[in-house]
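As a plain string of letters, each chain reads:
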Number of protein chains: 4
Amino acid sequence: MDKKLTVGIIGVGRIGKVHTLSIQHHLPQVTVKGVTDKFIEQAKEWAAVSGIETVYDTYQEMLQDPEIDAVLICSSTDTHAEIAIAAAKAGKHIFCEKPVDLSVAKVRAVIEAAESAGVSLQIGFNRRFDHNFRKVKELIDAGTIGDLHILKITSRDPAPPPIEYIDVSGGMFMDMTIHDFDMARFLTGSEVEEIYVAAASIVDPAIGAAGDVDTAVITMRFKNGAICVIDNSRKAAYGYDQRVEAFGSKGKAEISNDLPSTATWSTEDGVYSEKPLYFFLERYMDSFAEEMKQFADALINGTATPVTGIDGLIPIRMGLAAKKSVMEGRPVKLSEIEG
Amino acid sequence: MDKKLTVGIIGVGRIGKVHTLSIQHHLPQVTVKGVTDKFIEQAKEWAAVSGIETVYDTYQEMLQDPEIDAVLICSSTDTHAEIAIAAAKAGKHIFCEKPVDLSVAKVRAVIEAAESAGVSLQIGFNRRFDHNFRKVKELIDAGTIGDLHILKITSRDPAPPPIEYIDVSGGMFMDMTIHDFDMARFLTGSEVEEIYVAAASIVDPAIGAAGDVDTAVITMRFKNGAICVIDNSRKAAYGYDQRVEAFGSKGKAEISNDLPSTATWSTEDGVYSEKPLYFFLERYMDSFAEEMKQFADALINGTATPVTGIDGLIPIRMGLAAKKSVMEGRPVKLSEIEG
Amino acid sequence: MDKKLTVGIIGVGRIGKVHTLSIQHHLPQVTVKGVTDKFIEQAKEWAAVSGIETVYDTYQEMLQDPEIDAVLICSSTDTHAEIAIAAAKAGKHIFCEKPVDLSVAKVRAVIEAAESAGVSLQIGFNRRFDHNFRKVKELIDAGTIGDLHILKITSRDPAPPPIEYIDVSGGMFMDMTIHDFDMARFLTGSEVEEIYVAAASIVDPAIGAAGDVDTAVITMRFKNGAICVIDNSRKAAYGYDQRVEAFGSKGKAEISNDLPSTATWSTEDGVYSEKPLYFFLERYMDSFAEEMKQFADALINGTATPVTGIDGLIPIRMGLAAKKSVMEGRPVKLSEIEG
Amino acid sequence: MDKKLTVGIIGVGRIGKVHTLSIQHHLPQVTVKGVTDKFIEQAKEWAAVSGIETVYDTYQEMLQDPEIDAVLICSSTDTHAEIAIAAAKAGKHIFCEKPVDLSVAKVRAVIEAAESAGVSLQIGFNRRFDHNFRKVKELIDAGTIGDLHILKITSRDPAPPPIEYIDVSGGMFMDMTIHDFDMARFLTGSEVEEIYVAAASIVDPAIGAAGDVDTAVITMRFKNGAICVIDNSRKAAYGYDQRVEAFGSKGKAEISNDLPSTATWSTEDGVYSEKPLYFFLERYMDSFAEEMKQFADALINGTATPVTGIDGLIPIRMGLAAKKSVMEGRPVKLSEIEG
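Residues numbered from 1 in each chain as written. Chains lettered and ligands numbered in written order. Predicted model: local features only at pLDDT ≥ 70, side-chain atom pairs only at ≥ 80, totals over all residues. Heavy atoms only, no water.

**Considering the overall build of chain A**
Helix and strand counts for chain A stand at 12 helices and 15 strands. Against the compact-globule benchmark of 20 Å for 339 residues, chain A has a radius of gyration of 20 Å, which places it among compact chains. For the C-alpha atoms alone, the extent of chain A along its principal axes is close to 55 × 55 × 45 Å. Residues counted as buried form 62% of the 339 residues belonging to chain A. Expressed as a percentage of contacts within chain A between residues at least 6 apart in sequence, the contacts between residues at least 24 apart total 70%. Accessible surface computed for chain A: about 12,200 Å², of which carbon and sulfur atoms make up 51%. A distance of 4 Å separates the average location of the 35 positive side-chain charges in chain A from that of its 49 negative side-chain charges. (Helix = DSSP H or I, 4+ residues; strand = E, 2+ residues; numbered from the N terminus. Rg over C-alpha atoms; globule rule 2.2 N^0.38 Å. Buried < 20%, exposed > 50% of the residue type's maximum accessible area, 1.4 Å probe, protein only. Contact = heavy atoms within 4.5 Å. Areas by Shrake-Rupley, 256 points an atom, 1.4 Å probe, with all protein chains shown as cover. Lys, Arg positive; Asp, Glu negative; His and termini not counted. Charge placed at Lys NZ, Arg CZ, Asp CG, Glu CD.)

Pasting the structure below:
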């Protein structure tokens, strides 16, 4: 491949727009040639606003364009696998948003399609590229905290999604914890053996009625001996709460939230500081740019993408194990989940 | 009772000395009349150093002294129950260090002895009186964070005890986590239903060989719906790590460690701050004084002691449940533990 | 003016490049049509890299282009006044980097030229647009801290500039403190009456030999009664240190430095955190984009620019007063400085 | 002297009581044999409450008691010099609260009396013994921040004293800043050459009417090249604000306030933390005990006291220079102040 890369974006909802702008603002070596969307008017509107040349009526049409080197799959989760497999067959490199699919078999099919076709596949676990999480990873890798003994991940959303979203998302473990499962693998550098979940629907009983949970404490044993605990909530009144603490034989590393400013103010009534950045778009904007940059660099240089198909598959198995643990009230081994 | 209180101290190891000094320095209404110790020379030495009038050859002798209103049982754990029951029969009020005993039946016997005799019984869970933990309790009780959803307790020692100590202490859950079990009950204001533990002996294999663990993540479901997670380690390289985070429907409250000073310093090499106060004597000195003050106040005013016999009993059952969870690799209900 | 704005950039050193990218990445309503530079090869190279259409041989040529609505003057300080006056005469709106000029008379001439020509003039005091400083301004304006009594500004560079730069920059008060003088005016919302400086050249004697200082504590009385103190150093070993504390009748507001990450790590040796972001490009990148946005918005909407010519003039008089205070060892009134 | 020390306390107002308790609680080698007070009933009451054996009708009577090794002068400032001189003549060692006197000549007389009599003299600058300030001193002495370039001291009271107090105290520089002057000498390890003050009475005009100021920024040049700036206010709405920042050639060291707890809490409305400890008794309690311990140790071991008569004298000269600077609106050299 030339030192230039031409991409098409499939799906121009919130995240498709973020990727468009990341590329246009930060990656002069990448061109967004065209977009498409199930709601074609949205694709046309976005193309106009952002100065994109081409609107394809369907993703199939985009895949036939020989100028397109790679596609960014930003459509709804249920369409990812079909599109990714088609893209692989068309010889396009693939960036696919998470989760790849809720079915392990389908994710496996995507991985195999990419391998058969010899195209690159990167999954959108953007938090690996965030400045805070990356620093913890560096400290672990540098041996600063020694062998990892306990990893604590706090991940809480500012507000629950609509009940309808839960129906299609696969539930909290699939749409929210999946990022934390990936982070646990990323930071431990190891694979989970067993998962135990204590969960509840105490934020909103309607979530429980819809068959999901909104609050969970998830304990995981990793092969390297580390014990990881994730705590999740669908609703943190003070905002988006994203922290980790890695504790090891020689010390600990921890990160706090990013804030709108470093200001604190003190009055007769007390001492105040800022709430965390509101939600994932504000909080992780830079990481979206960085993941896209590393995707482009990998394609241009012919090197491996930094988050592989397997990295997309395993968190789904972990999510299924977590669900099973809740259902059966016992620790579940990952080996109990096919895939 | 008069507005004065006269006490005797049984056992003048580290904690017996701390209580002596707390009383002498901060509680003018309380007199330490006498001490005793299995190693009587230690009792004599301490009496001389601290200006205590009487050394009793045995605790029985102390119990016969009609001037003694209350005893502080600071001897080794295996002697607590016997002494406490004798004290109750002698009509002395009792302050007993934790754990009361490793056997639920014996603790029950102590409680019943105190009840029969109509004497007060307070257990030495000093952390309830600490400025940081108390502030979290106040915030929870004031409704600042709404209903409690997730409680996270971090409790890590600076270094493991000698292996011999583990043999007599009942293991990590009994000598260390027991404080965290009490804190969980104190902060949730509720009782545990089920406990699941993921544990390991990765700090020192000799601990594992001695049949104990040194690292644990303990998940507990409480009757009021709160999920609590404790993480323990016998060895935090940077020192004694004592924190909690309470997360609820309206917000969160959290505490960090107390430090020797608030200093930070910045050089070409980085930004530095102080490590936590070294260990429990340094860290909790003020709380020992406060628990003794509230014990004395309760006796003098004829009100209930702030940490009761039941408060001493339940954490022991929780410890036994935790052990069982480790042995059987499954969540254990508290109701499975007799008592 | 149409809802579009076309600009030319004069001088494509470090800051000219920053402004180019800010516009291209964040301001779709603004087009950088062309650039020029005293070193014309640099202009050509930058135009190629950044996809700018036109390279003008001279700034005069740019000023003759009827498509150019506004110019950004990013050349060396000694050329600002001449270019700005020519731009005003050519009817171009002006964004001029700070300081406008070291001579009060010349700055006055620029202001008058802009007023005569009826063009807008904005001065590049970017820190007014920074998230941290802006939050302090908001807190002051909201009355949160009451009447301002004491304002403390810390402003320290990571390393001194080359001695040759000091010769042309006008010295520390003109090239560095000038930002702090502007911040003092911005936050107090008032004008200085008197300035006293205690200064030294203790970072590097060569700076003293060149007739400048490298360390200063600058006390200023403002008309509204506030007392402001700035502390400057040319060399903070730990990096770029940029903080303010505003203290008033009802409380205080303060900001700390922005950091590469929120990570802290603790080992046997101590507790560590990150040093500040390295220097002004890293630290203030977002503020450069925001000042450009507000410049464009003002032109497009026909409203006043947020940092006026007078805002460019007064800090220069403050710098001259500061110098005079150092020379004469006494407080100097601003009214002693012509202008 | 024997390894025991017997002291008498002259004046049992707030600070006399603090010293009594510090000794009784922490210094077994020191006995408070007796007290006296201009208001003799107060002395009797305090002796009863605290178990002190003797009440002397006058300080002269105390000085005649051969069992008294040393006196603590805790009476009102205007009586310090007379009592101290008498104590010296009686061969008693002296601990004298600050300021020794408002007159340089009288302080000088006290120093000379102590020297003639060969008795030890320690002045009550307790902050030198505080954990935070001491850590900064250690970092400076260890060379961690290199040569000291800028020292910033923030010292703000929670509320102004009654106007009548100002009349007798000598004003803000004498009753409040005097601690900061001492701290500046302690931390720089050098002597001041010149002082410039920008001050105002903006907290309360009645303070100005009484001839004093309530807000000040004080710049000082020290002989070793350091520039020090103190900012004072009589009223910080959020409480007692006591911080320093030491900036040097290799870095900086800074301290923040001590807080009632480390708790922070976050809700929909924001993030909160504790206000500083309320006032000097709460904030500096431990330092009072430590200064008394070092006083006793010096006497018992026959070594030099850690804060000498000269250390009591120079801050008074600094206060007079500060006043003169305010009156004359110019920097004042310390050499202009006799003494």
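**Some points on the relation of the copies chain B and chain C**
Under the fitted operation, chain B is carried onto chain C by 0.0 Å of movement along the axis and a turn of 180°, and the coordinates agree to an RMSD of 0.0 Å. Here the copies are linked by what is in effect a two-fold axis. Within chain B, B:Y272 has its C-alpha nearest the rotation axis, a separation of 2.3 Å. The residues that chain B uses at the interface reappear at the interface of chain C in 100% of cases, marking a shared surface. (Least-squares fit on C-alpha atoms with pLDDT ≥ 70 in both.)

**Quick look at the sheet that holds strand 6 (residues 121-123) of chain B**
Residues and elements named next belong to chain B. The sheet built from six strands is open, its strands ordered 3-2-1-4-5-6 with parallel pairing. Of all the strands in the sheet, just strand 3 (54-55) and strand 6 have a single pairing partner and so form its edges. Where strand 1 (residues 5-10) lies against strand 4 (residues 70-73), four bridges are found, and the strand directions are parallel. Paired with I10 across the two strands is I73, which belongs to strand 4. Along the sheet face, helix 2 (residues 40-50) touches strand 2 (30-36) and strand 3 and points at about 150° away from the line of strand 2. Packed onto the sheet, helix 11 (residues 280-301) meets strand 1, strand 2, strand 4, strand 5 (93-96) and strand 6 and runs at close to 165° relative to strand 5. (Pairing = 2+ DSSP bridges. Axes fitted to C-alpha atoms, helices over the stretch in contact; angles between N-to-C directions.)

**Quick word on the packing of helix 4 (residues 77-89) of chain C against helix 5 (residues 104-117) of chain C**
Residue and element names in this part refer to chain C. Contact geometry for helix 4 and helix 5: axes closest at 8 Å, N-to-C directions at 10°. Taken together, the axes of helix 4 and helix 5 lie roughly parallel to each other. Where helix 4 approaches helix 5, its residues A81, A84, I85 and A88 are matched on the opposing element by K106, A109, V110, A113, A114 and A117. (Parallel < 35°, antiparallel > 145°, perpendicular 65-115°, else oblique.)

**A few points about the relation of the copies chain A and chain B**
Mapping chain A onto chain B is achieved by rotating through 180° and translating by 0.0 Å along the same axis, at an RMSD of 0.0 Å. The overlap is high: 100% of the interface residues of chain A also sit at the interface in chain B, so the same surface is used on both sides.

**Regarding the nonpolar core**
In terms of nonpolar packing, the biggest core is built from 142 residues, with B:M220 and C:M220 touching the most fellow members. Ranked by residue count, the leading element in this core is helix 11 of chain B, at nine residues. B:M220 has contacts with B:F181, B:A184, B:V192, B:E194, B:I195, B:A226, B:I227, B:C228, B:I230 and B:M318, leaving out every residue within four places of it along the chain. Core analysis: the second largest hydrophobic core is formed by 140 residues, B:A263, D:I15, D:L139 and D:I145 among them. (Core = buried A, V, L, I, M, F, W, Y, C linked by side-chain atoms within 4.5 Å.)

**Brief notes about the interface of chain A and chain B**
In this complex, chain A contributes 41 residues to the contact, which on the side of chain B involves 41 residues. Buried area between chain A and chain B, both sides added, is near 3,000 Å², and the carbon and sulfur share of it is 62%. On the surface where chain A and chain B come into contact, there are 10 salt bridges. One salt bridge connects B:K252 with A:D241, and the closest N-O pair in it is separated by 3.1 Å. For the interface between chain A and chain B, the tally reads 15 residue pairs in polar contact (both at pLDDT 80 or more). (Buried area = accessible area lost by both parts, 1.4 Å probe. Salt bridge = Lys/Arg side-chain N within 4 Å of Asp/Glu carboxyl O. Polar contact = N/O pair within 3.5 Å; in protein donor to acceptor, adjacent residues only side chain to side chain.)

**A word on the environment of B:M292**
Following the sequence through the fold, B:M292 ends up in helix 11. Sequence separation between B:M292 and B:N126 is 166 residues; the distance between their C-alpha atoms is 8.9 Å.

**Quick look at the sheet that holds strand 4 (residues 70-73) of chain C**
All names here are of chain C. Sheet architecture is open: six strands sit in the order 3-2-1-4-5-6, paired in parallel fashion. Each having just a single partner strand, strand 3 (54-55) and strand 6 (121-123) make up the two edges of the open sheet. The pairing of strand 5 (residues 93-96) with strand 6 spans three bridges and is parallel. The residue bridging C96 from the neighbouring strand is I123, located in strand 6. Each of strand 1 (5-10), strand 2 (30-36), strand 4, strand 5 and strand 6 touches helix 11 (residues 280-301); the most contacted strand, strand 5, lies at about 165° to it.

**Some words on the interface of chain B and chain C**
In many reports, interface size means the accessible area that the parts give up when they come together. Residue-level contacts link 11 residues of chain B with 11 residues of chain C. Counting across the chain B and chain C interface gives zero salt bridges. Remark: the boundary between chain B and chain C carries four residue pairs in polar contact (both at pLDDT 80 or more). Of all the secondary structure elements, the ones that give two or more residues to the side of chain B that touches chain C are strand 13 (264-267) and strand 14 (270-273) of chain B. Ranked by residues supplied to the side of chain B that touches chain C, first place goes to strand 14 of chain B with four residues. Of the residues assigned to the side of chain B that touches chain C, the class counts are four nonpolar, four polar and three charged. Sheet analysis places strand 14 of chain B next to strand 14 (residues 270-273) of chain C, joined by three bridges and oriented antiparallel. Bridge assignment links B:S273 to a residue of strand 14 of chain C, and that residue is C:V271. (Nonpolar A, V, L, I, M, F, W, Y, C, P; charged D, E, K, R; others polar.)

**So, the confidence of the model for chain A**
Looking at chain A as a whole, the pLDDT averages 96, with 99% of positions reaching at least 70. At the level of chain-chain contacts, confidence expressed as ipTM amounts to 0.95, with global pTM at 0.95. (pLDDT = per-residue confidence, 0-100.)

**A closer look at the packing of aromatic side chains**
According to the stated counting rule, one finds 36 aromatic pairs over all chains in the structure shown. Arranged with centres 6.1 Å apart and planes meeting at 85°, the rings of D:Y240 and D:Y284 form a pair that is edge-to-face. Within this pair, whereas D:Y240 is found in the loop between strand 10 (227-233) and strand 11 (241-248), its partner D:Y284 is found in helix 11 (residues 280-301), the two being separated by 44 residues in sequence. Taken as a pair, D:Y240 and D:Y284 share a single burial class, namely buried. Aromatic ring contacts, followed pair by pair, group A:F133, A:Y240, A:Y278, A:F279, A:F280 and A:Y284 into a single cluster. (Phe/Tyr/Trp six-rings, centres within 6.5 Å; stacked < 30°, edge-to-face > 60°.)

**Here's the deal with helix 12 (residues 309-328) of chain C**
The end-to-end C-alpha distance of helix 12 of chain C is 29 Å, a good match for the 28 Å that 20 residues give at a rise of 1.5 Å each. Backbone geometry just after helix 12 of chain C places C:G329 at a positive phi near 65°. (Expected span 1.5 Å × (residues − 1).)

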